[in-house]
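Geometric and topological summary
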Amino acid sequence: MSTQSDRTTVRVFFALWPTAAEHMALAAWQHPLQHQCGGRAMHGETLHNTLVFIGEIEQSRLEALQLAAQEVSGESFELCFDAARYWGHNHIVYAAPVHVPQPLQQLAGALEQRLTRHRFKFDPREYKPHVTLLRNAHWTDVPLPEMPPVRWRVKDFALVQSMSQDGVASYRVLARFLLSPSEPLSGG
Ligand code: 2AM
């Protein structure tokens, strides 16, 4: 049955949404970095790595969006954030992997492919894995201090809704999509 509420839109994106221990380890970077760069720290429990940003879609399309994501097959992998960096164009301080694991690049690509196949539009910018730690920060070209590496064991990815109230963003994980267990390393 079609109702008026079918036209309600929601703002959504796909992301790696870590466990409590994993986001706490990255949240520990925020204080020393804020000391250097100022800015506003993102809430520790909302730290995430966006895979594909969709933006506003009609709520009635959420089910189809989830079905499209279920078609993505990928293997679980380890993602190591080992560099703190700054983007001057948007004043963000973020955590990044120095080496982008192949399965992460493949996952983002496969997701984009399925979304395109199902006619969902998304932000087509080149994929640059990052976790935003501080907004409205200020820094120069000088490298930021070294931080203790943080490893995420990525076993799934999530569809997340972003809500904004009085300028404050909050997030809700709507669904999770499991990745298959990766092959154990041979030898030893
Ligand atoms: P950011 O942290 O670098 O701003 C929710 O907004 C998430 O989607 C954030 O991780 C944000 O990245 C990311 N994102 C990617 N493209 C976006 C866009 N065009 N508009 C808003 N957020 C975007």
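All values reported here derive from a predicted model rather than from experimental measurement.

Here is what the cut-offs are and how they apply
- Residues numbered from 1 in each chain as written.
- Predicted model: local features only at pLDDT ≥ 70, side-chain atom pairs only at ≥ 80, totals over all residues.
- Heavy atoms only, no water.
- Helix = DSSP H or I, 4+ residues; strand = E, 2+ residues; numbered from the N terminus.
- Buried < 20%, exposed > 50% of the residue type's maximum accessible area, 1.4 Å probe, protein only.
- 1 Å grid on protein atoms, 1.4 Å probe; cavity = no way out; pocket = protein on both sides within 12 Å on 5 of 7 lines; lining within 4 Å.
- Points joined across faces, edges and corners; volume = space filled by probe spheres on them.
- Nonpolar A, V, L, I, M, F, W, Y, C, P; charged D, E, K, R; others polar.

Side note on the environment of Gln 102
Tracing the backbone through its elements, the reader meets Gln 102 in helix 4 (residues 102-117). Judged by relative accessible area, which is 55%, Gln 102 ranks as exposed. For the pair Gln 102 and Leu 67, spaced 35 residues apart in sequence, the C-alpha to C-alpha distance is 24 Å.

Quick word on the layout of surface pockets
There is about 890 Å³ of room inside the largest pocket. Taken together, 27 residues form the lining of the largest pocket, with Thr 50, Phe 53, Asp 123, Arg 125 and His 130 sitting closest to its centre. Broken down by secondary-structure element, the contributors of at least two residues to the lining of the largest pocket are strand 1 (9-16), strand 3 (49-58), strand 7 (131-135) and strand 10 (168-178). Of all the elements, strand 3 adds the most residues to the lining of the largest pocket, at 4 residues. The class makeup of the residues in the lining of the largest pocket is 12 nonpolar, 8 polar and 7 charged. One number sums up the size of the second largest pocket: a volume of about 220 Å³.

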